Structures are given as structure tokens and as C-alpha cells.
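If you want the building blocks of each chain, they are given just below.
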Amino acid sequence: MPTINGTNKGESLNGTASADVIDARRGNDMLDGHGGDDVLTGGGGADKFIFHFDGSTDVITDFSRAAGDTVILDSGAGVYDGIIGGFSYLYDGAQFSNHLGTATFTVHATDYDGDGVTDTLITEGGHEGGLVLLGIAPSSLTGDVIYGG
Ligand SMILES: [Ca+2]
Ligand SMILES: [Ca+2]
């Protein structure tokens, strides 16, 4: 599995169509694993994690709302319009839709890696796979960290 390492400056890091490990390190980075089951680590800074619902499952290892990290969900609508607002916090079973109403996302509380700590899994009705935020319970996420369409 290729590993893509960033530098200590902010940059845009793109994975391949297969499984990648991306470690962005310091700086405000944008990470896009593209296809395959990718493992994404933002490192320091306010990082943007882009996830495409393409049947794959990506894992974010170090999501931090306090650091200003955000998630961009791409359902294929081609519009990033800030799909959710009004959630003061997320919860297991929470659902929201994109602006066009063509995708419905569901939040799951799960222990994805079996370490006894609750993780968040976000799925979309029309696709297999999803996005995992390791070590982050849905209740510690607000609507303002998730964008997409
Ligand atoms: Ca970073
Ligand atoms: Ca990839």
C-alpha cells in the first residue's frame, strides 16, 4: 500500500484509485484519498478531508474539531453546498440530505477498530462503504464540520 507523506506546509494531497495511506503532517492540508479503502491522517493544522461515496471505506485517524478539521462529503451531485446545518451535535441514526435531495447520509455510532472507543461512521443510502472518524463519537461532532453535496 503506497504511503503519501506531506510536508510541514499546507498542501493538497491526492491518493490513487487504490488503497492509500496519506499522512499530511503539519499545515492546513486537503486530503483526498480517491478510490480504494484509504487511511487518512491530517497531522497538525486545520485539515480538509474529502470523501467520495464510491463503494470504498476511508478512515480518518486524527479528526479534530478543535483544530478546525472539516469533512467534505461528495455524493456525486457536483455541488458542495454545506449540506447540514442546524445540528448542534450529531447522534447515532442522525440523517441529513444534500441540497438537491439526491443523497441521504446516515450517522452511525460504532466501534470500527474494536478498541473500545466509539467511532463515527457516515454512510450514504445509494452506496456501499462510508467514512470513519476514528476515536470521535457522533455527539462530539457538530453540523458545521461537515460539508458536501
Ligand atoms: Ca495537516
Ligand atoms: Ca485511494
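Scroll up to find the structure this text is about.
Residues numbered from 1 in each chain as written. Chains lettered and ligands numbered in written order. Predicted model: local features only at pLDDT ≥ 70, side-chain atom pairs only at ≥ 80, totals over all residues.

Asker: A description of the overall build of the protein should follow, citing residues and the corresponding values.
Answerer: Helices and strands together make up the secondary structure of the protein, namely 0 helices and 13 strands. Going from N to C terminus, the protein has its helices and strands arranged as β-β-β-β-β-β-β-β-β-β-β-β-β. At 14 Å, the protein has a C-alpha radius of gyration in line with the 15 Å of a compact globule built from 149 residues. Taking the principal axes of its C-alpha atoms as reference, the protein extends roughly 35 × 30 × 25 Å. Counting only residues that meet the buried cut, the protein has 36% of its 149 residues in that class. A separation threshold of at least 6 residues defines the contact pool for the protein, and within that pool the share at least 24 residues apart is 30%. (Helix = DSSP H or I, 4+ residues; strand = E, 2+ residues; numbered from the N terminus. Rg over C-alpha atoms; globule rule 2.2 N^0.38 Å. Buried ≥ 20, exposed ≤ 12 C-beta atoms within 10 Å, placed from the backbone. Contact = placed C-beta atoms within 7 Å.)

Asker: I'd like to hear about the sheet that holds strand E7 (residues 57–60), residue by residue, with values.
Answerer: Working definition: the strands of a sheet are paired by backbone hydrogen bonds and lie parallel or antiparallel to each other. Spatially, the 8 strands line up as an open sheet ordered E1-E3-E5-E7-E12-E11-E10-E9, and their pairing is mixed. This sheet does not close on itself; its edge strands, each paired only once, are strand E1 (3–5) and strand E9 (95–97). Each strand axis lies, on average, 20 degrees off the axis of its neighbour in the sheet, ignoring direction. As paired strands, E7 and strand E12 (residues 130–133) are joined by 4 bridges and run parallel to one another. Its bridge partner being in E12, Asp58 is matched across the sheet by Leu131. (Pairing = 2+ DSSP bridges. Axes fitted to C-alpha atoms, helices over the stretch in contact; angles between N-to-C directions.)

Asker: Go over the sheet that holds strand E13 (residues 146–148), please, and point to the residues and values.
Answerer: With parallel pairing, the 5 strands of this open sheet are ordered in space as E2-E4-E6-E8-E13. Both outer strands of the open sheet, strand E2 (12–14) and E13, are each paired with one neighbouring strand and no more. Taken over all neighbouring pairs, the strand axes of this sheet differ in orientation by 20 degrees on average, direction set aside. Bridge count for strand E4 (residues 30–32) against strand E6 (residues 48–52) is 3 bridges, and the pairing is parallel. The residue of E6 that forms the bridge with Met30 is Lys48.

Asker: Residue-level account of the environment of Ser56, with values.
Answerer: Its place among the elements puts Ser56 in the loop between E6 and E7. For Ser56, a count of 21 C-beta atoms within 10 Å puts it in the buried group. Placed 75 residues apart in sequence, Ser56 and Leu131 show a C-alpha to C-alpha distance of 8.5 Å. Excluding residues within four positions of it along the chain, Ser56 makes contact with Gly35, Gly36, Asp37 and Gly129.

Asker: Let's hear about the pairing of E7: which residues, and what values?
Answerer: Taken together, the 2 bridges between strand E5 (residues 39–41) and E7 define a ladder with parallel strand orientation. Residue Val39 lies in a different strand from E7, and its bridge partner there is Val59.

Asker: Let's hear about the environment of Asp69: which residues, and what values?
Answerer: The topology assignment puts Asp69 in the loop between E7 and strand E8 (70–74). Here Asp69 falls in the buried class, since 22 other C-beta atoms lie within 10 Å of it. Remark: the alpha-carbon pair of Asp69 and Asp47, spanning 22 residues in sequence, is separated by 4.7 Å. Residues in contact with Asp69, not counting those within four places in the same chain, are Gly42, Ala46, Asp47, Phe49, Phe63, Ser64 and Val145.

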